[in-house]
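Chain by chain, the residues run as shown.
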Amino acid sequence: MRIVWLALWAVFLCVSCSEEHDHRGKTPLVEVDGNFLYREDLQGALPSGLSGEDSLSFAERYIRQWIEETLLYDKAQDNIADNEALNKQVANYRRALVMHAYQQALIDQRLSEDIPEDELQAYYRSNPELFKVERPLIKGLFIKVPLTAPRLAEVRNWYKQDEGKAVENLEKYSLQHAVKYEYFYDRWVPLAEIVGMMPLQGEEADAYIEKHRQVELKDTAFHYFLNVSDYRAVGDVAPYDYARRQVKEMLLNVKQVQYLEQVKGDLYRRAEERNKIKKYY
């Protein structure tokens, strides 16, 4: 369907196209003073999944916008004096784009994102000031049960133990009676995620849990049990297993900067060796 109506547009809108212009195999749709909009450009801009009617409506708006922008640009060129500063900005912008594209291609070709684990850990140990906790982190276990839940005395005993039979019993119990059960002894979790499930609020909650590693609360409907096996406060060095992704991103960035500096240095030395650099000062 799309090909059919685009072909019709080409027939109706391309009657006046110059036959002498080299379109490089593209099919012109509209010409404005020697500027051409091609069917291939319109097809590339066309969102997928549109009905025939919606596609035609989109094409009409797209063509109208292209014509208006082309006319406005031509008008601007006629009325804006040749501005050396503007031309310099355009040249500098193009230069920056070209260099960025080349640098990115070099990085993609020469640098691997696979960094050995021992190198990541060494970078982490050497730069602890870069990996500070920005919000409290905890490891532990959380369970929420109704006030009417059975065997609460056993729950009070189980939730305070972080291994063995107690955890197994609590997991089995949670399948039948818990409204919410979170086991995170094996990973760091932002404290705010757990506090959000309890009748505690804001900074007071952070301070409370920092001092009380075993917390039991209740409201009009539920009991809340939290056991914190480990805690990191704001400003502490983030645990490696929590910071590892950040460590890798930062080390990759360092390697990229070092590699590009090496490339630029090599280019400079080669240019000097070939007498391509002439200094007039």
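These numbers come from a predicted model, not from an experiment.

Calculation notes
Residues numbered from 1 in each chain as written. Predicted model: local features only at pLDDT ≥ 70, side-chain atom pairs only at ≥ 80, totals over all residues. Heavy atoms only, no water. Salt bridge = Lys/Arg side-chain N within 4 Å of Asp/Glu carboxyl O. Helix = DSSP H or I, 4+ residues; strand = E, 2+ residues; numbered from the N terminus. Buried < 20%, exposed > 50% of the residue type's maximum accessible area, 1.4 Å probe, protein only. Contact = heavy atoms within 4.5 Å. Phe/Tyr/Trp six-rings, centres within 6.5 Å; stacked < 30°, edge-to-face > 60°.

Colleague: Before we go on, may I ask you to explain the pattern of salt bridges in this structure?
Modeller: Once their charged atoms are close, side chains differing in charge can pair, the charge on each being opposite to the other. Counted under the stated rule, the structure contains 14 salt bridges. The salt bridge involving Asp41 is made with Lys26; its shortest N-O contact spans 3.9 Å. Of this pair, Asp41 sits in helix H2 (residues 39-45) while Lys26 sits in the loop between helix H1 (2-13) and strand S1 (28-32), placing them 15 residues apart in sequence. Assessed through its relative accessible area of 31%, Asp41 is described here as partly exposed. Note that Lys172 and Glu168 form a salt bridge whose closest N and O atoms lie 3.2 Å from each other. Of this pair, Lys172 and Glu168 are both found in helix H7 (residues 164-177), four residues apart, which corresponds to roughly one turn of the helix. Overlapping salt bridges, with partners in common, bring together Lys180, Glu182, Asp186 and Arg187 in one network.

Colleague: Teacher, can you tell me more about the environment of Phe225 here?
Modeller: Residue placement: Phe225 occurs in strand S6 (residues 222-232). Take Phe225: its relative accessible area is 0%, and that puts it in the buried class. A sequence separation of 82 residues divides Phe225 from Ile143, and the C-alpha atoms of the two residues are 5.3 Å apart. When residues no more than four places from it in sequence are discounted, the contact partners of Phe225 are Leu141, Phe142, Ile143, Val145, Val155, Arg156, Tyr159, Val215 and Glu216.

Colleague: Looking at this structure, I do not really get the packing of aromatic side chains. What am I missing?
Modeller: Any pair of aromatic rings gets described here by the distance separating the centres and the angle formed by the planes. For the structure shown, the criterion picks out nine aromatic pairs. Here Phe58 and Tyr62 contribute two aromatic rings whose centre-to-centre distance is 6.0 Å and whose plane-to-plane angle is 25°, an arrangement assigned as stacked. Within this pair, Phe58 and its partner Tyr62 are both found in helix H3 (residues 52-79), separated by four residues, close to a single helical turn. Of the residues examined, Tyr62 reaches a relative accessible area of 26% and is grouped as partly exposed. Relative to Tyr185, the ring of Tyr183 lies with its centre 5.2 Å away and its plane at 80°, an arrangement referred to as edge-to-face.

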